[in-house]
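Here are the chains, one letter per residue:
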Amino acid sequence: MPSASAAADGKTVFKACAACHHPIDDKIGPHLQDARKRWKEAGLDVAKVVQWVKNPASVLGEGNPYVKNLVAGYEAKGTSLMPPQPFSPEEIKAALDYA
């Protein structure tokens, strides 16, 4: 379980994500609750999630079927690929813990 400090940091970081993401409901981007679990089930670890947030195009370019399908589903709805985000790995993990 994350510390109270990490949860507070996660809440702060998540506020920057909330324009496109919701914890439970899909918005412009996918919901973030259980995101680590979904990526793990696709054979991708949290380091890959962090890389995705920091540079989505590089992860998409690796050709993983989960990532390709995720992006294709949102592109079909008219959504562009998420731009690279400036957060540290610790901040990204805290936001995922918060969601």
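You'll find the structure just up there.
What you see is a predicted model, and the numbers here were worked out from it, not measured in a lab.

Procedures and definitions
- Counting restarts for each chain, with residues numbered from 1 along the sequence as it is written.
- Per-residue local features are limited, in this predicted model, to residues with pLDDT of at least 70; the limit for side-chain atom pairs, both in listing and counting, is 80 or more; totals at the level of whole chains, interfaces and linings are taken over all residues.
- Here the side-chain values reflect all heavy atoms present in the structure, with hydrogen atoms and water set aside.
- Helix axes are fitted only over the stretch in contact, all axes being lines through C-alpha atoms; the angle between N-to-C directions runs from 0 to 180 degrees.
- We count a stretch as a helix when DSSP gives it H or I for four or more residues in a row; a strand needs E for two or more, and each element gets its number in order from the N terminus.
- The labels follow the angle: roughly parallel below 35 degrees, roughly antiparallel above 145, roughly perpendicular from 65 to 115, and oblique for the rest.
- In what follows, a contact means two residues having at least one pair of non-hydrogen atoms within 4.5 Å.
- Residue polarity follows a fixed list, in which Ala, Val, Leu, Ile, Met, Phe, Trp, Tyr, Cys and Pro are nonpolar, Asp, Glu, Lys and Arg are charged, and the others, Gly among them, are polar.
- Between the rings of Phe, Tyr and Trp (Trp by its six-membered ring), a pair exists once the centres lie within 6.5 Å; its type follows the angle of the planes, with under 30 degrees stacked, over 60 edge-to-face, and the other angles tilted.
- Type-normalised accessible area, obtained with a 1.4 Å probe on protein chains alone, sets the label of each residue: buried when under 20%, exposed when over 50%, and partly exposed for intermediate values.

K.L.:
Is there a simple way to think about the packing of helix α3 (residues 46–54) against helix α6 (residues 89–98) in this case?
P.N.:
What describes two packed helices is the angle between their axes and the distance between those same axes. One can describe the packing of α3 onto α6 by two numbers: an axis separation of 10 Å at closest approach and a directional angle of 105°. Relative to α6, the element α3 lies roughly perpendicular. Between α3, through Val46, Val49, Val50, Val53 and Lys54, and α6, the contact on the second element is made entirely by Pro89, Ile92, Lys93 and Leu96. The residue makeup of the contact of α3 with α6, split by class, is seven nonpolar, no polar and two charged.

K.L.:
Got a minute to help me understand the packing of aromatic side chains in this structure?
P.N.:
Between two aromatic rings, the relevant description is the distance of the centres plus the angle of the planes. Summed over the entire model, instances satisfying the criterion amount to three aromatic pairs. Seen in terms of ring centroids, Trp39 and Trp52 are 5.8 Å apart; in terms of plane orientation they differ by 50°. Their pairing is tilted. With Trp39 in helix α2 (residues 35–41) and Trp52 in helix α3, the pair connects residues that are 13 residues apart, well separated along the chain. Of the two residues, Trp39 and Trp52, neither departs from the other in class, the shared state being buried. Between Trp39 and Tyr66, the aromatic rings sit 5.5 Å apart at their centres with planes inclined by 70°, giving edge-to-face as the arrangement. Separated by 27 residues along the polypeptide, Trp39 in helix α2 and Tyr66 in helix α5 (residues 65–75) bring together distant segments of the chain. Take Trp39: its relative accessible area is 4%, and that puts it in the buried class. Members of the aromatic cluster, joined through ring pairs, are Trp39, Trp52 and Tyr66.

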